[in-house]
Amino acid sequence: MSIIHKYLTGEIFNYLFFILAVVISIYVAVDFFEKIDNFMEAGLPLSRLLVFLVFKIPFIIAQIMPVCILLAVIVVFGLMNKNNELIALKSSGVSIHYLLKPVLVIGLILTVLLFFISEVMSPITMGKANEIWLKEVKKESAVISKEKDIWIKGNRLITHITYYNPAEKAVFGISINAFDEDFRLVRKIDAKKGLFKDGQWFLYEIIEQNLNRENDQYRIKLHEEKVEKLYFLPEDLKRIIKKSEEMSFNELFNYIKKVEAEGYEATIYRVDLYAKIAFPFVCLIMCSIGAGIAFKRKVRKGLPVNIACGIGIAFLYWIFYSFCVSLGYGEMLPPLIAAWSANLIFACFGIIILLNAD
């Protein structure tokens, strides 16, 4: 590695770590003051809140890494431009393409690192953070969610849901078991599907069994549709189901196969599966865009403008990425296209500004 490449690599990583530390500190501080009341009301010590925040750090890093590397590249080349270092290098015959090599290598390294964090660290730590929040803070220890199965324990009620689709607010394979004071099954409802509409749960294709206490026999009734008063809302189910960020790529892939093998729709999870591969490449894209912005500006006092442009581009990317993913969730775009559209468009933008760089 040449001296120039070593210098650029060291400077970019220095500013990357500094920006990461600042942003993580701000994020954790805001989250601390938002959550401290909840932890105090639950009677938990301050140490549990600190553990909760530490478990969230890998997920935070995975979310903010792209914008941090974008800003680091802009700052490094912006300062070099301000100090006339770029002019001196160009006068010595050093081309822009030569300066880009370490930037693109760093982008590839961070892409692999981001995939590792999202694949290995984040699923474990976010699972533990959510467990602290649900069981210790919200006291929802009666709810168990493993893969696609959800068990909910209520007042002498045990409900099992095979699969929940948050986009449709629909439950599939729902079974409700009601018990008396002696823990004897007095009512059982099995429904193929349930939809939450107008503030109520509508169950479809129902088999209802009620215990006749006189002869201890169950009377069976069949219903095509029936409104049933359940003690949970879609928001409750969405909060307790195992989320995509809590699963590794292999876990999510196997989960999708199980869900689809049983005939349920898994479009949302398939979009998240492709996004697990697509999103880490944003580090490489942001490196190229950051270098293109820095090279494009000739004004020596243009660093604040460059930083503002970088933040604006990162904001636009996040909006467009979220929009495309939402279209994928709604089945308006195929999952693969929904996950990769933002990357392809912004990669083209990065190539264009690099080709037109000074």
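Residues numbered from 1 in each chain as written. Predicted model: local features only at pLDDT ≥ 70, side-chain atom pairs only at ≥ 80, totals over all residues. Heavy atoms only, no water.

Peer 1: Could you give me a rundown of the packing of aromatic side chains, with the residues and numbers involved?
Peer 2: Enumeration over the complete set of coordinates arrives at 15 aromatic pairs. On the numbers, 5.6 Å between centres and 55 degrees between planes, the contact of Phe 39 with Phe 52 is tilted. On the criterion of sequence distance, the pair formed by Phe 39 in helix H1 (residues 3-41) and Phe 52 in helix H2 (residues 46-82) is long-range, its members being 13 residues apart. Assessed through its relative accessible area of 4%, Phe 52 is described here as buried. Feature note: the residues Phe 279, Tyr 317, Trp 318, Tyr 321 and Phe 346 constitute an aromatic cluster, connected by ring pairs. Taking NZ or CZ as reference, Lys 197 lies 4.8 Å from the ring centre of Phe 202, over its face. (Phe/Tyr/Trp six-rings, centres within 6.5 Å; stacked < 30°, edge-to-face > 60°. Helix = DSSP H or I, 4+ residues; strand = E, 2+ residues; numbered from the N terminus. Buried < 20%, exposed > 50% of the residue type's maximum accessible area, 1.4 Å probe, protein only. Lys NZ or Arg CZ within 6 Å of the ring centre and 35° of its normal.)

Peer 1: Provide a residue-level description of the confidence of the model for the protein chain, including the pertinent values.
Peer 2: In low-pLDDT segments, the atomic positions of the prediction should not be examined closely. Taken residue by residue, the protein chain gives an average pLDDT of 85. The fraction at 70 or more is 94%. By mean pLDDT, the top-scoring element of the protein chain is helix H10 (residues 335-355) (92), and the lowest-scoring one is strand E1 (residues 143-146) (50). (pLDDT = per-residue confidence, 0-100.)

Peer 1: Please set out the packing of helix H7 (residues 267-278) against H10 residue by residue, giving values where relevant.
Peer 2: Two numbers describe how H7 lies on H10: the axes approach to 8 Å, and their chain directions differ by 35 degrees. Crossing hand, H7 versus H10: right-handed. Between H7 and H10, the contacting residues are Thr 267, Arg 270, Val 271, Tyr 274, Ala 275, Ile 277 and Ala 278 on the first element and Pro 335, Leu 336, Ala 339, Trp 340 and Asn 343 on the second. Residue composition of the contact of H7 with H10, grouped by class: 9 nonpolar, 2 polar and 1 charged. (Axes fitted to C-alpha atoms, helices over the stretch in contact; angles between N-to-C directions. Left-handed = near helix turned anticlockwise from the far one by under 90°. Contact = heavy atoms within 4.5 Å. Nonpolar A, V, L, I, M, F, W, Y, C, P; charged D, E, K, R; others polar.)

Peer 1: Which residues make up the environment of Met 65, and what values go with them?
Peer 2: Following the sequence through the fold, Met 65 ends up in helix H2. Relative accessible area serves as the criterion here: at 3%, Met 65 is assigned to the buried category. Separated by 48 residues in the primary sequence, Met 65 and Leu 113 have C-alpha atoms spaced 9.9 Å apart. Setting aside chain neighbours within four positions, we find Met 65 in contact with Leu 16, Leu 20, Leu 110, Leu 113, Leu 114 and Cys 283.

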